[in-house]
Amino acid sequence: QHKDAYQAILDGVKGGAKEKRLAAQFIPKFFKHFPELADSAINAQLDLCEDEDVSIRRQAIKELPQFATGDNLPRVADILTQLLQSDDSAEFNLVNNALLSIFKMDAKGTLGGLFSQILQGEDIVRERAIKFLSTKLKTLPEEVMTKEVEEFILTESKKVLEDVTGEEFVLFMKILSGLKSLQTVSGRQQLVELVAEQADLEQTFNPSDPDCVDRLLQCTRQAVPLFSKNVHSTKFVTYFCEHVLSNLSSLTTPVEGLDIQLEVLKLLAEMSSFCGDMEKLESNLKKLFDKLLEYMPLPPEEAENGENTSSEEPKLQFSYVECLLYSFHQLGRKLPDFLTAKLNAEKLKDFKIRLQYFARGLQVYIRQLRLALQGKTGEALKTEENKIKVVALKITNNINVLIKDLFHIPPSYKSTVTLSWKPVQKTDVSQKRASEDTTSGSSPKKASAGPKRDARQIYNPPSGKYSSNLGSFSYEQRGGFRGGRGRGWGGRGNRSRGRIY
């Protein structure tokens with residue numbers, strides 16, 4: 001009936017600023033009364049969303065949700081997703097709010113628009129759409145985030161994960177691990193399988209390729225929080241034992257200042273407590289044992305007069321030994337006769353000598369550290385030097401407990417320790433001062449037997465060194481694909497570009 005009048009309003013988008021402002025309000029207001037002009041109306045509003053006048057753009061964007069009815073909703077969602085590329089903060093916030101409001105009308109339809117842009121849109125749009133999902137989904141109420149909606153997110157995310165950068169992968173893991181339907185054991189298992197696929201554990205490991213190393217580390221960091229007594233880390237632990245340990249000294253990383261070897265050993269230690277039944281347990285335990293021996297020096301030879309013949313004592317690399325000894329202790333539980341039945345008597349004797357020598361050095365350190373920290377509380381413990389001593393005390397105490405276990409006849413695997421960089425669960429006397437300090441383990445400096453370290457020396461007890469390489473062990477921010485490091489994993493191919501309203 002008033003079709004001509006509505007058409008005149010649509011034509012207003014070609015007029016001056018006043019006409020455009022009126023059109024931005026009236027096109028959406030009467031939109032539902034003219035279904036036959038729906039396409040023209042949406043296109044007219046889109047022209048206003050791209051107007052040179054920022055106030056007209058904002059008005060047009062604010063009204064966009066009114067067009068999100070029936071079959072038009074996915075299209076509106078697609079348009080709003082493309083508008084996320086705006087650099088005007090007020091405009092950007094309007095787009096965010098508009099997307100959230102249509103989410104509450106039809107979550108699946110809105111997600112359809114977002115994912116179509118993630119898969120096919122321009123890089124800036126893709127990046128911002130992923131960020132939108134990673135920050136806003138968790139704010140939506142349960143009646144919006146139904147099981148069906150979560151299943152749709154998982155299905156679409158799997159398509160995206162076929163071709164992602166490292167940073168995008170981390171964001172998608174954040175999105176997926178926040179979904180209620182994936183909080184179950186089977187849900188966590190699904191996520192671990194997704195990570196394993198991304199890590200490409202079937203491929204040959206290339207330690208000299210920084211991207212290959214980085215990919216493995218990024219993926220493993222995402223998997224670690226998912227492991228539990230019901231969700232096993234076996235596949236990852238096996239890969240680390242069979243492919244990574246033997247290449248430890250030749251690992252390369254694009255991340256400046258990262259002690260890549262210590263990082264790998266920490267991840268292995270964290271995973272080892274959730275390892276299930278392993279196919280080649282004995283051979284992998286042997287690989288772990290051999291690597292441990294590299295960091296457990298023999299005592300220096302003594303001359304007949306009892307004096308030390310070597311010019312200096314071997315340096316003890318405590319952080320490495322804590323990780324390796326812990327991993328060996330965890331996997332050793334599954335084959336408790338490894339040291340007694342699988343090693344020959346000579347090897348076992350050699351190992352006991354190394355353990356004994358290490359334990360002697362430990363006692364010296366523990367006494368010195370306790371003395372240095374005696375009576376210190378609060379602020380005094382927060383200085384860089386004392387933080388390092390606190391962590392050093394945790395590390396040495398842990399190694400001490402594990403060595404005592406292995407000295408039992410037969411060796412015992414019963415003691416439990418909290419890894420030095422993990423939050424303390426139960427506070428014992430030696431760890432009381434460290435209960436609020438959840439910093440990562442300090443990495444010792446170079447050892448005569450091991451590979452070179454470039455960590456900076458801060459505290460130097462008699463025959464071992466600690467570095468200042470402390471800092472929270474954050475799964476999301478350490479290492480990985482930061483800044484403009486190209487496309488990371490797989491280049492993401494040549495996707496179509498440009499506006500596809």
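About the criteria used
- Residues numbered from 1 in each chain as written.
- Predicted model: local features only at pLDDT ≥ 70, side-chain atom pairs only at ≥ 80, totals over all residues.
- Heavy atoms only, no water.
- UniProt positions renumbered as here; feature names shortened; annotations may be inferred.
- Helix = DSSP H or I, 4+ residues; strand = E, 2+ residues; numbered from the N terminus.
- Contact = heavy atoms within 4.5 Å.
- Expected span 1.5 Å × (residues − 1).
- Buried < 20%, exposed > 50% of the residue type's maximum accessible area, 1.4 Å probe, protein only.
- Bend = angle between axes of the 7 residues up to and from the residue.
- Phe/Tyr/Trp six-rings, centres within 6.5 Å; stacked < 30°, edge-to-face > 60°.
- Core = buried A, V, L, I, M, F, W, Y, C linked by side-chain atoms within 4.5 Å.
- Axes fitted to C-alpha atoms, helices over the stretch in contact; angles between N-to-C directions.
- Parallel < 35°, antiparallel > 145°, perpendicular 65-115°, else oblique.
- Left-handed = near helix turned anticlockwise from the far one by under 90°.
- Nonpolar A, V, L, I, M, F, W, Y, C, P; charged D, E, K, R; others polar.
- Salt bridge = Lys/Arg side-chain N within 4 Å of Asp/Glu carboxyl O.
- Disulfide = S-S within 2.5 Å.

- Named according to an unreviewed UniProt entry, the protein is API5 inhibitor originating from Tricholaema leucomelas.
- Check the Subcellular location (unreviewed entry) section of the UniProt entry for the protein; it says "Nucleus".

**Comments concerning the overall build of the protein**
Part 1: When helices and strands are counted, the protein shows 19 helices and two strands.
Part 2: Residue pairs at least 24 apart in sequence account for 73% of intrachain contacts in the protein once pairs closer than 6 positions are excluded.

**Details of helix α9 (residues 147-160)**
Part 1: Under the 1.5 Å per step criterion, the end-to-end length of α9 is 20 Å for 14 residues, consistent within 8% with the ideal 20 Å.
Part 2: Burial in α9 covers these residues: Val149, Glu150, Ile153, Leu154, Glu156, Ser157 and Val160.
Part 3: The inward-facing, buried residues of α9 contact α7 (107-120), α8 (123-136), α10 (166-177) and α11 (185-199).

**Focus on helix α2 (residues 17-29)**
Residues separated by three or four positions in an α-helix point in the same direction, a consequence of the helix having 3.6 residues per turn.
Part 1: The end-to-end C-alpha distance of α2, which contains 13 residues, comes to 19 Å, matching closely the 18 Å that a straight helix rising 1.5 Å per residue would cover.
Part 2: Of all the bends in α2, the greatest measures close to 25° and is centred on Ala23.
Part 3: Where α2 is concerned, the buried positions are Lys20, Ala23, Ala24, Ile27 and Pro28.
Part 4: Close packing links the buried residues of α2 with α1 (3-11), α3 (38-49) and α4 (54-63).

**Some thoughts on unusual backbone geometry**
Part 1: Here the bond from Ile409 into Pro410 is cis, since omega is -10°, no more than 30 degrees from zero.
Part 2: As for its position among the elements, Pro410 is in the loop between α19 (384-407) and β1 (457-459).
Part 3: Backbone geometry at Asp200 places phi at a positive 55°, although glycine is not the residue there.
Part 4: Structurally, the position occupied by Asp200 is in the loop between α11 and α12 (210-223).
Part 5: Take Asp200: its relative accessible area is 33%, and that puts it in the partly exposed class.

**Some words on the environment of Gln190**
Part 1: Position of Gln190 relative to the elements: it lies in helix α11.
Part 2: It is 9.7 Å that separates the C-alpha atoms of Gln190 and Val231, two residues lying 41 residues apart in sequence.

**With respect to the packing of aromatic side chains**
Part 1: Scanning the entire structure with this criterion turns up 14 aromatic pairs.
Part 2: Between Tyr6 and Phe34, the aromatic rings sit 4.5 Å apart at their centres with planes inclined by 15°, giving stacked as the arrangement. On the criterion of sequence distance, the pair formed by Tyr6 in helix α1 and Phe34 in the loop between α2 and α3 is long-range, its members being 28 residues apart. Across this residue pair, the class does not change: Tyr6 and Phe34 are buried.
Part 3: What links up through ring pairs into an aromatic cluster is the set Phe289, Phe328, Phe338 and Phe351.

**Here's the deal with the nonpolar core**
Part 1: By size, the foremost hydrophobic cluster in this structure holds 140 residues, and its most contacted members are Ile27, Leu80, Phe236 and Leu339.
Part 2: At nine residues, helix α16 (residues 318-332) tops the list of elements feeding residues into this core.
Part 3: In contact with Leu339, other than residues within four places in its own chain, are Phe289, Phe328, Leu348, Phe351, Leu406, Pro411 and Tyr413.
Part 4: Counting residues in hydrophobic clusters, the runner-up holds seven residues, among them Leu369, Leu373, Val390 and Leu393.

**Some points on the packing of helix α5 (residues 72-82) against helix α6 (residues 89-105)**
Part 1: Taken N-terminus to C-terminus, the directions of α5 and α6 make an angle of 155°; their axes are 10 Å apart at the nearest point. Looking at the two axes, α5 sits roughly antiparallel to α6. Judged by the twist between their axes, the crossing of α5 over α6 is left-handed. Here Leu73, Val76, Ala77, Leu80 and Thr81 of α5 come into contact with α6, specifically with Val95, Ala98, Leu99, Ile102 and Met105.
Part 2: Per-class residue counts for the contact of α5 with α6 are nine nonpolar, one polar and no charged.

**Side note on the packing of α12 against helix α14 (residues 260-272)**
Part 1: Relative orientation of the contacting elements α12 and α14 amounts to 35°, with a least axis distance of 11 Å. As for how α12 packs across α14, the hand of that crossing is left-handed. Between α12 and α14, the residues in contact are Val213, Leu217, Thr220 and Arg221 and Ile260, Glu263, Val264, Leu267 and Met271, respectively.
Part 2: Residues that form the contact of α12 with α14 fall into these classes: six nonpolar, one polar and two charged.

**Thoughts on the pattern of salt bridges**
Part 1: Evaluated as defined, the whole model comprises 19 salt bridges.
Part 2: In this structure, the salt-bridge partner of Asp87 is Arg128, at a minimum N-O distance of 3.2 Å. With Asp87 in the loop between α5 and α6 and Arg128 in helix α8, this pair connects stretches of sequence that are 41 residues apart.
Part 3: For Arg221, the salt bridge is made with Glu263, and the minimal N-O distance between the two is 2.9 Å. Here Arg221 is found in helix α12, whereas its partner Glu263 is found in helix α14, with 42 residues between them in sequence. As far as burial versus exposure is concerned, Arg221 and Glu263 are alike and both buried.

**Topic: the state of the cysteines**
Part 1: Scanning all chains against the criterion turns up zero disulfides.
Part 2: For the unlinked cysteine Cys275, the closest cysteine sulfur is that of Cys241, found at 7.6 Å.

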